Amino acid sequence: MSTAEHDILIVGGGMVGLTCATLLAQYGEDTARSFSIGIVETSPPAPVRPNADIELRVSALSRISRTILQFSGIWPAIAATRISPYRRMCVWQADGAAGSARSISFDAAELGEPDLGCIVENGVIRRAAWERVNAMHSVSLHLGSAPAALHEETDALELILENGQRLRTRLLVGADGARSWVRQALGVTSREREYGQRAIVAHVESQRSHRETAWQRFIAGGPVALLPLDDGRSSVVWSCPDATAAELMAADKKIFDQRLTLATDQVLGSLTTTTERADFPLSLAYAQRYTGRRYALIGDAAHRVHPLAGQGANLGLLDAAALAETLAVQQASPVIDPGDPVILRRYERWRKGDTLLPMGVLDGLHRLFGAGWVPAARLGGLGLGIVDRLAPVKRRLALYAMGDSGDLPMAARVS
Ligand SMILES: Cc1cc2nc3c(=O)[nH]c(=O)nc-3n(C[C@H](O)[C@H](O)[C@H](O)COP(=O)(O)OP(=O)(O)OC[C@H]3O[C@@H](n4cnc5c(N)ncnc54)[C@H](O)[C@@H]3O)c2cc1C
């Protein structure tokens, strides 16, 4: 079997890896000096089933993420589907009530924006990105076979797939998610902390309209969120301790619905699940290095956050845009080596700072409200109410919720 040669090989064709490939290819087309890009993916996206229900996995995408997806040409295929904008966000604490002095709410209209972000099925984002990548001549796909070995050569890395295929690349990008094979094969340590929590997801019908609002209540054990869906239902993301999650996953539907209705303080009245439930383990993790000689990590391969603020995919898309931009600047210069650690370090400096801050904030919120320590949670509840009345701080938080944090890549600024 012959060896395939690439300038950049991305392992992982999830939404982050595919967006990165698209941006890299696009910058290449713009400068007429394109990198040859390869993608290794073990599970390509499944085709759309006609009349399929809204998928269980959805993401709250910030306006900044939408701008990146627009810039990369992925957005039109997403916009043609059932996306659901959310125009308000309301967060409150167990012993308060939505809209009370112990809550905080954000309204897009107050910020002069049409919405704060939108809820999109993960599969829709991925399929749209997949279609876009398939239309780009500088990207080739290596599908269905996982990486088995990685060797360092003088001027390249060689990746050998389980089917024996050899791939040589000057830069290897790990976009292969939380359990990244690339990160482990490179020996990059990841600091990890298990929350001892799982997030249960399901879709529910509610007695009252969701009013295009993302609702989140902090209760002992973890936050429970209701995200508005296009067909009037809401997507539940309920984070709870492992034992409670096991109990809730095993509970019969009627009991689950009752407990969920109580957990959300009946903010939308009685809730009725209309789908199966699924659960996911929650942990905090970040790689010690995002880059080194001939490698870069992006998305969940580099960092994993609690889903309480719906930031994982949003941070990953910013990584994708920042890495592509860092390399695009280089692409225009006469001597091009995308694996040059000095250039890659610019991406690391750029994104490490910008991801560690939100990770710390999210972890702090989890500890404050979710760890079950009542005085801290009370203080947190009071804090929400106070922040709600501090216009400049609240505005900053709202901008952060829309994805406007840190130093934004060009793809996140041009709409
Ligand atoms: C319950 C829950 C709710 C969430 N809600 C939100 C939200 O509202 N908003 C938000 O921004 N984020 C949210 N997140 C986080 C978000 O889902 C992730 O951050 C995002 O999916 C990460 O994307 P990724 O492309 O980096 O990784 P992944 O989506 O994990 O993709 C990795 C890709 O790599 C492939 N792969 C893996 N291993 C290999 C290998 N060895 N070889 C080849 N290919 C490989 C996989 O098949 C996959 O396609 C949520 C997470 C959870 C658990």
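Colleague: What's the story with the sheet that holds strand E3 (residues 58–62) in this structure? I'm lost.
Modeller: Sheets are built from strands that pair by backbone hydrogen bonding, the pairs being arranged parallel or antiparallel. Strands sit in the order E3-E7-E4 across an open sheet of 3 strands; the sheet is antiparallel. Either end of the sheet is taken by a strand with one partner, and the two such strands are E3 and strand E4 (84–86). Each neighbouring strand pair of the sheet contributes to a mean axis angle of 30 degrees, computed without reference to strand direction. Strands E3 and strand E7 (117–121) of the sheet are contacted by helix H2 (residues 63–71), whose axis makes an angle of about 90 degrees with E3. Taken strand by strand, helix H4 (residues 122–134) contacts E3 and E7, and its axis lies near 85 degrees from that of E7.

Colleague: Explain the pairing of strand E15 (residues 234–241) to me, please; I cannot follow it from the model alone.
Modeller: Walk down a regular strand and you will see the side chains alternate between the two sheet faces. In terms of burial, E15 is a largely internal element, 7 of the 8 residues being buried. Direction of pairing for strand E12 (residues 190–206) relative to E15: antiparallel, over a ladder of 8 bridges. Paired with valine 201 across the strands is valine 237, a residue of E15. In terms of strand pairing, strand E14 (residues 222–228) meets E15 through 5 bridges, oriented antiparallel. Its bridge partner being in E15, valine 224 is matched across the sheet by tryptophan 238. Taking the residues that link successive antiparallel strands as the turn, the E14-E15 hairpin has 5 residues, and the phi of glycine 232 there is positive, at about 95 degrees.

Colleague: I'm lost on the environment of leucine 297 in this one. Help?
Modeller: Along the polypeptide, leucine 297 turns up in strand E19 (residues 295–297). Expressed as a C-alpha distance, the spacing of leucine 297 and valine 173, which sit 124 residues apart in the sequence, is 5.7 Å. The residues contacting leucine 297, other than those within four sequence positions of it, are Gly174, Val182, Arg183, Val188, Ala287, Arg289, Tyr290, Ala302 and Tyr347.

Colleague: Which parts of the structure should I look at to understand the site of the ligand?
Modeller: Around the ligand there are 28 residues in total, and Glu41, Ala60, Asp300, Ala313 and Asn314 lie nearest to it. A distance of 3.3 Å separates an oxygen atom of the ligand from a polar backbone atom of valine 16. Note that an oxygen atom of the ligand is positioned 3.3 Å from one of the side-chain N or O atoms of arginine 126. Starting from 1,000 Å² of accessible surface for the ligand in isolation, the protein chains cover 82%.

What counts, and where the lines are drawn
Residues numbered from 1 in each chain as written. Predicted model: local features only at pLDDT ≥ 70, side-chain atom pairs only at ≥ 80, totals over all residues. Heavy atoms only, no water. Pairing = 2+ DSSP bridges. Helix = DSSP H or I, 4+ residues; strand = E, 2+ residues; numbered from the N terminus. Axes fitted to C-alpha atoms, helices over the stretch in contact; angles between N-to-C directions. Contact = heavy atoms within 4.5 Å. Buried < 20%, exposed > 50% of the residue type's maximum accessible area, 1.4 Å probe, protein only. Near = heavy atom within 4 Å. Polar contact = N/O pair within 3.5 Å; in protein donor to acceptor, adjacent residues only side chain to side chain. Areas by Shrake-Rupley, 256 points an atom, 1.4 Å probe, with all protein chains shown as cover.

Read these as geometric descriptors, not functional statements.
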